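Examining the three-dimensional arrangement
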Amino acid sequence: MSTTILVVEDEAANRKLLSTFLQKSGYTVEAVENASAALSYIDQTTPALVLLDIRLPGMDGLDLTRQLKNQPGTAHIPIVAVTARANPGDEALILNAGCDGYIAKPINFAVLTSYLQHYVPTQ
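Everything in this summary refers to the structure shown in the same document. Please read all numbers here as calculations on a predicted model, not as lab measurements. (Residues numbered from 1 in each chain as written. Predicted model: local features only at pLDDT ≥ 70, side-chain atom pairs only at ≥ 80, totals over all residues. Heavy atoms only, no water.)

1. Regarding the pattern of salt bridges
Close approach of charged atoms lets side chains of opposite charge pair. Where we set the bar: Between Lys or Arg on one side and Asp or Glu on the other, a salt bridge is scored when a side-chain nitrogen of the former is within 4 Å of a carboxyl oxygen of the latter.
Here the structure, examined in full by the defined rule, presents 6 salt bridges. Taken together, the shared-partner salt bridges connect Glu9, Asp53 and Lys105 into one network.

Quick look at the structure:
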C-alpha cells in the first residue's frame, strides 16, 4: 500500500504549507491544484490519504469526494477535508458527503497529526 499523501489545494501558499509540514514529518507528498488533477493522479496511484480543500475551481471537493466514495476501487481511500468552510453545519455537510475527517482553516497541526497517525501506515 502506498504511504503517499495527496494534497488537493488550489491556493499555492496552502499547498506549499501542507506539503512542507508533511515532508518534514517524514511523509511522501503529491500536491495538485484541482479535482481533475487529483482524479488523474488517483487513476495511476492510490494514495494512503487525501487532504482535500472543498472550494476548488471546476469540480469542488464535495463532488470529488462523492465520486471517489462511489467507486469500488477508490471508496476505501480516506479523505480529510482541510477547508475554510467553518460555518455552523459545514462539518456535518462535509462528513455527509463522504469525507472521513474535517479540519477547519487555519490548520490545527495537532489535529492534522492525529489524522495522519490514524490513517497513514507508519513509515
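2. Describing unusual backbone geometry
Spelled out, the test is: Working definition: helices are DSSP H or I runs of at least four residues, strands are E runs of at least two. Numbering for both runs from the N terminus.
Note the cis peptide between lysine 105 and proline 106, where omega equals 0 degrees. Locating proline 106 in the fold gives a position in the loop between β5 (101-104) and α5 (109-119).

3. Let's talk about the nonpolar core
Selection rule: Here, nonpolar core means buried Ala, Val, Leu, Ile, Met, Phe, Trp, Tyr and Cys residues that are tied together by side-chain atoms lying within 4.5 Å of each other. The rule is simple: take the accessible area with a 1.4 Å probe, protein chains only, and divide by the maximum for that residue type; under 20% is buried, over 50% is exposed, in between is partly exposed. Two residues qualify as a contact provided that any one of their heavy atoms is within 4.5 Å of a heavy atom in the partner residue.
Counting 21 residues, the largest nonpolar core has Leu6, Val8, Ile42, Val50, Leu52 and Ile94 as the members making the most contacts within it. Looking at this core, the elements that each hand over two or more residues are β1 (4-8), α2 (35-44), β3 (49-52), α3 (61-69) and β4 (79-83). Broken down by element, this core gets its largest block of residues, 4 residues, from α2. Setting aside chain neighbours within four positions, we find valine 50 in contact with Leu6, Val8, Ile42, Ile77, Pro78, Ile79 and Val80. With 17 residues, the next largest nonpolar core counts Leu18, Leu49, Val82 and Leu112 among its residues.

As far as function goes, none of this settles anything; it's purely spatial.
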